[in-house]
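# Working through the structure, step by step
The lines below spell out each chain.
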Amino acid sequence: MKNTERIPVQTNGNNLQNYEETYASFDWKQVEQEFSWYKTGKVNAAYEAIDRHVEQGKGEKTALIYSAPDREETYTFRQLKEKSNQFAHLLKRIGIHKGDRVFIFMPRTPDLYVSFLGTIKIGAIVGPLFEAFMEAAVRDRLENSEAVALVTTPTLLERVPVDDLPHLKHIILVGAKGELTDGYYSFEKELAKSPTELEPVWVDREDPMLIHYTSGSTGKPKGVVHAHNAMIQHYQTGKWVLDLQEGDIYWCTVDPGWVTGTSYGIFAPWLNGVTNVVRGGRFSPDDWYQTLEKYKVTVWYSAPTAFRMLMAAGEDLVKKYDISSVRHVLSVGEPLNPEVVRWGLQVYGKRIHDNWWMTETGGILISNYPQMEIKPGSMGKPFPGIYAAILDDQGNELPPYEMGNLAIKTPWPSIMRKIWKNPEKYQEYFRIPGWYVSGDSAYKDEDGYFWFQGRLDDVINTSGERVGPFEVESKLVEHPAVAEAGVIGKPDPLRGEIIKAFISLRAGYKPSEELKEEIRQFVKTRLAAHAAPREIEFKDKLPKTRSGKIMRRVLKAWELDLPVGDLSTMED
Ligand code: 6R9
């Protein structure tokens, strides 16, 4: 179905003047010249993110604003440089070397960011973990990566099976009380006795710096490895997609346990020398609007699940706060339902700019730019320097509107360099020569906009029609009673599959057979008869990952009584 809805350009953006022209002429080499690598042949991404600004006279600028219910602190670029240097000295003292894996398992506090930067400064590989992980999830990741050091808190240490992890030799505790035994170190005491100056370890741009574990639908999570070179992409997408400028107050709402929280919660803002807001504590609509108001946030990057929850919290709440400082709003992680885009425009007065990428791609590849019309429901167009296409299984490019494999021509600066100890898995992404095959299905329209349909495993085949679950879910959330929806295909002897929808209702609505029928008719009349869910089930909550993605495979496993696979990334 052709979509004719358009949202015109609002602010025109600041950094990227003309998308079409830039796309036609851009070369990544232009960006590389801005960093030390270009002059010396060596680089360090943490140096480029923090220390470089101190050397360029921006040491007293605020780099980090940390806000949590019980703690509020700010750090300048100089302070972050010094503290991360001190942490780096601690690692050096205990014998951590270039290439060693250092994991961080702790709540979002400034210490997390200091540890992250300090690890990279000595050329070690950092692995951030969600604080909510339970023992099995922590074990899998530390075991697979053979981590030698871990930064954590005394409380979270209870979930680390230290005795079963032979490689793990050093535990650095944030907030430890009293004397510690061998192999345990107090973060605060050790930093206090470390010098604030450090010569970073200069590495090759291809040297690894970061591992993110991401789960596939089956099997154990995979350790996706990124190199220092990824910063080229973080920096440039920060400029052209986030539209970051000198005076911005930037807030990326997500945790560094998810790749968005590192590429865009650490690198993009700091490589661009911008003030970065980090909020600790749990999601609450009140606190979020308060954060925007209090710090006068200008650029706000979040995820569809959060925007849907803010939408469900209603318009009246928004009116209680002054969020007029916000200039630019962005979303990633899941398809951004058109209804959410419309709501954002109506209530915030702002366009929400959807963009697409993956842990494996390391940075944004497809996006809506400030100076481009938005077609609600579309992920936008490829970033300059990126060629994206829809391929059939043989690698032929498909014409507009045909659904197929979303694929990207290799390489680009932030593409993953390997999957830790799993070369077979790595190769699967490159099964079509010259291309990275994402595993997502999508189509492209005649203007070059990309439209997400679902993970390939999620596409539903009902009575011979291929239906992407996203289209159905987006129509469902347009119904006033629906807060969130997850749609799956359920095997059916007659139709191949039928569409089943799991729905959580907005406050004030009660489940009933009449409501089911009303919702079914709503989709039937506004989308297509074949796309209307034959079955509807109401749920208090839908299963989601910690990054907020609805887990359709879990819905499907529950429905069909199948094994659910790895659940370590599921929220409580
Ligand atoms: C950054 C991140 C990647 C998967 C990806 C796709 C889904 C991400 C999306 C989107 C529709 C968007 N996804 N952005 N789907 N529209 N704008 O999310 O990385 O956690 O590895 O997930 O998320 O299915 O393949 P990751």
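It should be emphasised that the depicted structure is a prediction, and the values quoted were computed from it without experimental measurement. (Residues numbered from 1 in each chain as written. Predicted model: local features only at pLDDT ≥ 70, side-chain atom pairs only at ≥ 80, totals over all residues. Heavy atoms only, no water.)

### Details of the side chain of Lys516
As a reminder, the rule being used: Labels follow the DSSP assignment, with helices taken as runs of H or I lasting at least four residues and strands as runs of E lasting at least two, numbered in each case from the N terminus. Counted as a polar contact is a pair of N or O atoms within 3.5 Å, where, for protein atoms, one must be capable of donating a hydrogen and the other of accepting one, and residues adjacent in sequence contribute only when both atoms are in side chains. In this description, contact between two residues means that some pair of their heavy atoms is separated by no more than 4.5 Å.
Inspection of the secondary structure assignment puts Lys516 in helix H18 (residues 513-526). A distance of 3.3 Å separates a polar atom in the side chain of Lys516 from the backbone oxygen of Ile536. In contact with Lys516, not counting residues within four places along its chain, are Ile536 and Phe538.

### A few points about the nonpolar core
Cut-off, in case you're wondering: We define a nonpolar core as any set of buried Ala, Val, Leu, Ile, Met, Phe, Trp, Tyr and Cys residues linked to one another through side-chain atoms lying within 4.5 Å. We call a residue buried when its accessible area falls under 20% of the maximum for its residue type, exposed when it is over 50%, and partly exposed in between, using a 1.4 Å probe and counting protein chains only.
Among the nonpolar cores identified, the biggest contains 129 residues, and Val160, Trp270 and Tyr301 are the most heavily contacted of them. Among all residues touching Trp270, those that are not within four sequence positions of it are Ala49, Ile50, His53, Ala63, Leu64, Phe77, Leu80, Tyr113, Leu117 and Asn276. Counting residues in hydrophobic clusters, the runner-up holds 29 residues, among them Val277, Met311, Val318 and Ile374.

### Details of the sheet that holds strand S15 (residues 366-367)
Heads up, the rule is: Here the rule is simple: two strands pair whenever DSSP picks up at least two bridges between them.
Strand order across the open sheet formed by 9 strands is S2-S1-S11-S10-S12-S13-S14-S15-S16, with mixed pairing between neighbours. In this open sheet, the two edge strands, each paired with only one partner strand, are strand S2 (71-76) and strand S16 (381-382). As judged from the 2 bridges shared by strand S14 (residues 352-356) and S15, these two strands associate in the antiparallel manner. By the bridge assignment for S15, Asn355 is matched with Ser367.

### Considerations on the UniProt feature "domain: AMP-binding enzyme C-terminal" (unreviewed entry) in the protein chain
The following threshold applies: UniProt positions are given in the numbering used here, feature names are shortened, and annotations may be inferred rather than shown by experiment.
Here the UniProt-annotated "domain: AMP-binding enzyme C-terminal" (unreviewed entry) positions come out as residues 471-549. With 25% helix and 32% strand, the stretch residues 471-549 has end C-alpha atoms that lie 16 Å from each other.

### With respect to the site of the ligand
This is how the line gets drawn: It suffices for a single heavy atom of a residue to lie within 4 Å of a molecule or strand for the residue to be listed as near it. Only the protein chains shown count as covering a residue, and every accessible area follows the Shrake-Rupley method with a 1.4 Å probe. Polar here means any residue outside two lists: the nonpolar Ala, Val, Leu, Ile, Met, Phe, Trp, Tyr, Cys and Pro, and the charged Asp, Glu, Lys and Arg; Gly therefore counts as polar.
Around the ligand, 18 residues are found, and the nearest of them are Asp354, Asn355, Thr359, Asp440 and Lys549. Here Thr359 contributes a side-chain N or O atom positioned 2.5 Å from an oxygen atom of the ligand. In isolation the ligand offers 530 Å² of accessible surface; the protein chains occlude 94% of this area. Contributions of two or more residues to the shell around the ligand are made by S14 and strand S21 (450-455). The biggest single contributor to the shell around the ligand is S14, with 3 residues. The residue inventory of the shell around the ligand, partitioned by class, reads 9 nonpolar, 4 polar and 5 charged.

### Regarding the packing of aromatic side chains
Going by this rule: Any Phe, Tyr or Trp ring, taking Trp's six-membered ring, that has another such ring centre within 6.5 Å forms a pair; planes under 30 degrees apart are called stacked, those over 60 apart edge-to-face, and the others tilted.
Enumeration over the complete set of coordinates arrives at 32 aromatic pairs. Centroid distance Tyr401 to Tyr443: 5.6 Å. Interplanar angle 35 degrees. Geometry classified as tilted. Of the two residues, Tyr401 sits in the loop between strand S17 (388-391) and strand S18 (404-409) while Tyr443 sits in strand S20 (residues 435-444), which places them 42 residues apart along the sequence. Tyr401 sits in the partly exposed class, given a relative accessible area of 29%.

### Notes on the sheet that holds S21
Backbone hydrogen bonds are what pair the strands of a sheet, in a parallel or an antiparallel way. How we decide: To obtain an axis, a line is fitted to C-alpha atoms, over the contacting stretch when the element is a helix, and the angle between two such axes runs from 0 to 180 degrees between their N-to-C directions.
Ordered by their spatial adjacency, 4 strands build an open sheet running S17-S18-S20-S21, and the pairing between neighbours is antiparallel. Taken across any chain shown, the strands that pair with only one partner, and hence form the sheet edges, are S17 and S21. On average, each strand axis in the sheet is tilted by 50 degrees relative to the strand beside it, whichever way the strands run. Direction of pairing for S17 relative to S18: antiparallel, over a ladder of 4 bridges.

### Structural notes on the environment of Ile386
Within the secondary structure layout, Ile386 lies in the loop between S16 and S17. Those residues in contact with Ile386 that lie beyond four places of it in its chain are Tyr23, Trp28, Gln233, Leu365, Ile408 and Trp412.

### Remarks on the pairing of S20
Counting buried positions along S20 gives 9 out of 10 residues, so the element sits mostly inside the fold. With 5 bridges connecting them, S18 and S20 associate as antiparallel partners. By the bridge assignment, Asn405 is partnered in S20 with Ser441. Across 5 bridges, S20 lies against S21 in antiparallel orientation. Looking at the pairing, Lys444 lines up with Phe450 of S21. Here S20 folds back onto S21 in antiparallel fashion, the turn holding 5 residues, of which Gly448 has a positive phi close to 90 degrees.

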